[in-house]
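A structural walkthrough
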Amino acid sequence: GKRKRSSTSVLYDSDESEDSDILVRKVFAKRHCIMDEDESSQEQQPDKTCHAENISTNRKQKVLAKLKELARQRASRASSSSGSSEDSNEVEEEPLSPFPLISTEGSEADNDSMKDFIDDDEEQEDDDDIDDIRSEKQPQQKELDRISKSQLLEYYVPHLTRCSHYVHFQRIVKAFLINAIDDTFLSSLYDGTRQKKYAQDMLTSLHYLDDRFIQPRLENLISRSRWKDRYKERVDCYPNVHIIMKNPQNMSCQACELNRYCKFDVLLSGKLYNSRTLEADDFMPHDKQVLRVGTVCADRTRVYHNLKHFKYKLYVNCSAVAQLDGVEDEPVKDTVERLFSQLEGNGWIRKRYDDLEDYMNDADNFQEEK
């Protein structure tokens, strides 16, 4: 750039000036300055080249020394730990792998680059160790989480405790036998008066029967039906049902109010009772309802009613067993244990439990109305 501008100025002067000496002197002055710069740069270049080669050699030696030290540390660390064979192969092969040389533009930049290289390698190695530890602790952590969740469920939702269905059923039978002798037992369970473990276990089983066995299936049967609320309330209130086949009539079904060939009479009877204490109400004890329904509604009524009033009928049967017992002046606990052993021995409890499973299966397999 300097040479171009200087040559232009010389030509411009040559056009206007007639004095060639001035022109020669100008040209020589310019050339002399340029040649001085070139010569000085050529003289300094060998010194700079030698100095850069020395720095590059020293720097390469430092890099190799640090790499060897790093490889030695990793090899010793791998041998002390119980690492896999793949890790040991990586440690042996790593010093022999070619690393890219770092740019030699300044000593400070080289040092910073070396520090970054070493720190990244060590951090990666630490991350691998952390991942190994996490992978080892992961199954144990999952097990602890599972146990803690189950304990929390049992604490905050006691009716979800883990127990076999038949054990829940046996506890319910014992609770009904106790209430048949002492009619305040169930009410004291629900109001929280009884806090002993056996009483809390019985309360848990009662909740399990209502909330896990019966109620979800009843809701499923109702949600898939066309029943009117009035018909559902009647089926809920009467604990006894008789379904009788009659001559078919083309009429409005009294359950869903759709035109059907109705050939079944649903006869509802019995006393209204409390769903928790199972205490019967003597108001209108002989009241009855007769409703004409179609085939599908009759089948749904049978399945729904069996589940809805199963607990009450089980309690009525337990009360009948307690009343037939002729032993007097015996502690309640001994009487209940003796009656329970008899019912368990003759298969009475197992038979009632099988009936409950049949009712649940009927509800699960019931098809929707067309």
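Relevant structure appears above.
Everything numeric in this text was worked out from a predicted model, so none of it was measured. (Residues numbered from 1 in each chain as written. Predicted model: local features only at pLDDT ≥ 70, side-chain atom pairs only at ≥ 80, totals over all residues. Heavy atoms only, no water.)

Bringing the overall build of the chain into the picture now. From N to C terminus, the chain includes 12 helices and three strands. Looking at the chain as a whole, 28% of its 370 residues are labelled buried. Long-range contacts, defined as pairs at least 24 residues apart, comprise 70% of the intrachain contacts of the chain with a sequence gap of at least 6. In the form shown here, the chain has an accessible surface area of approximately 25100 Å², with 49% of it arising from carbon and sulfur atoms. (Helix = DSSP H or I, 4+ residues; strand = E, 2+ residues; numbered from the N terminus. Buried < 20%, exposed > 50% of the residue type's maximum accessible area, 1.4 Å probe, protein only. Contact = heavy atoms within 4.5 Å. Areas by Shrake-Rupley, 256 points an atom, 1.4 Å probe, with all protein chains shown as cover.)

With that settled, consider the sheet that holds strand β3 (residues 288–293). The three strands are arranged β1-β2-β3 in an open sheet whose pairing can be described as antiparallel. The strands lining the two open edges of the sheet, one partner per strand, are β1 (240–252) and β3. Across the sheet, the mean angle separating the axes of adjacent strands is 20° when strand polarity is ignored. One ladder, built from 10 bridges, connects β1 with strand β2 (residues 259–269); its direction is antiparallel. Looking at the pairing, Val-241 lines up with Leu-268 of β2. Here helix α8 (residues 229–237) sits on the sheet in contact with β2 and β3, set at roughly 135° to β3. Of the strands in this sheet, β1, β2 and β3 touch helix α9 (residues 295–308), which is tilted by about 30° from β2. (Pairing = 2+ DSSP bridges. Axes fitted to C-alpha atoms, helices over the stretch in contact; angles between N-to-C directions.)

Right, let's talk about a negative patch on the surface for a bit. Residues Asp-354, Glu-357, Asp-358 and Asp-362 make up a contiguous surface patch of negative charge. The residue Asp-358 is located in helix α12 (residues 348–364) in this model. Assessed through its relative accessible area of 42%, Asp-358 is described here as partly exposed. (Patch = residues over 30% accessible without salt bridge, like charges linked within 9 Å, V, L, I, M, F, W, Y side chains within 5 Å. Salt bridge = Lys/Arg side-chain N within 4 Å of Asp/Glu carboxyl O. Lys, Arg positive; Asp, Glu negative; His and termini not counted. Charge placed at Lys NZ, Arg CZ, Asp CG, Glu CD.)

On to the side chain of His-309. Relative to the helices and strands, His-309 resides in the loop between α9 and α10 (310–324). Given a relative accessible area of 0%, His-309 falls into the buried group. Setting aside chain neighbours within four positions, we find His-309 in contact with Val-235, Asp-236, Tyr-238, Pro-239 and Tyr-273.

In terms of nonpolar packing, the biggest core is built from 61 residues, with Phe-176 and Val-293 touching the most fellow members. The leading source of residues in this core is helix α7 (residues 197–223), at 10 residues. (Core = buried A, V, L, I, M, F, W, Y, C linked by side-chain atoms within 4.5 Å.)

For helix α11 (residues 332–345), spanning 14 residues, the distance from its first C-alpha to its last is 20 Å, which sits close to the expected 20 Å at 1.5 Å a residue. For α11, every residue scored as buried is listed here: Thr-335, Val-336, Leu-339, Phe-340 and Leu-343. The arc that holds every buried residue of α11, seen down its axis, measures 125°, which confines them to one face. Summarising the geometry of α11, the exposed residues directed more than 90 degrees from the buried face are Lys-333 and Gly-345. Positive phi shows up at Gly-347, right after α11, with a value of about 80°. (Expected span 1.5 Å × (residues − 1). Arc of directions from axis to C-beta.)

Glancing now at empty space enclosed by the protein. Space left empty within the atom packing is revealed by a probe, the size of a water molecule, rolled over the atoms. For the structure shown, the criterion picks out two cavities of 30 Å³ or more. Here the second largest cavity is characterised by a volume of approximately 40 Å³. Around the second largest cavity, the lining residues are His-165, His-168, Phe-169, Ile-172, Ser-205, Tyr-208, Leu-209, Phe-213, Tyr-353 and Leu-356. Here the lining of the second largest cavity is built from residues that sort into seven nonpolar, three polar and no charged. (1 Å grid on protein atoms, 1.4 Å probe; cavity = no way out; pocket = protein on both sides within 12 Å on 5 of 7 lines; lining within 4 Å. Points joined across faces, edges and corners; volume = space filled by probe spheres on them. Nonpolar A, V, L, I, M, F, W, Y, C, P; charged D, E, K, R; others polar.)

Below, the discussion takes up the pattern of salt bridges. Following the criterion strictly, the structure yields 12 salt bridges and no others. Where Glu-69 meets Arg-72, a salt bridge forms, and the shortest distance between an N and an O atom there is 2.3 Å. Linking Glu-69 with Arg-72, this pair stays in helix α2 (residues 20–80), spanning three residues, or about one helical turn. The salt bridge involving Arg-292 is made with Asp-265; its shortest N-O contact spans 2.4 Å. Residue Arg-292 is located in strand β3, and its partner Asp-265 is located in strand β2; the two are separated by 27 residues in the primary sequence. One exposure class covers both Arg-292 and Asp-265, and it is buried. Within this structure, Asp-325, Glu-330 and Arg-338 form a network of salt bridges that share partners.

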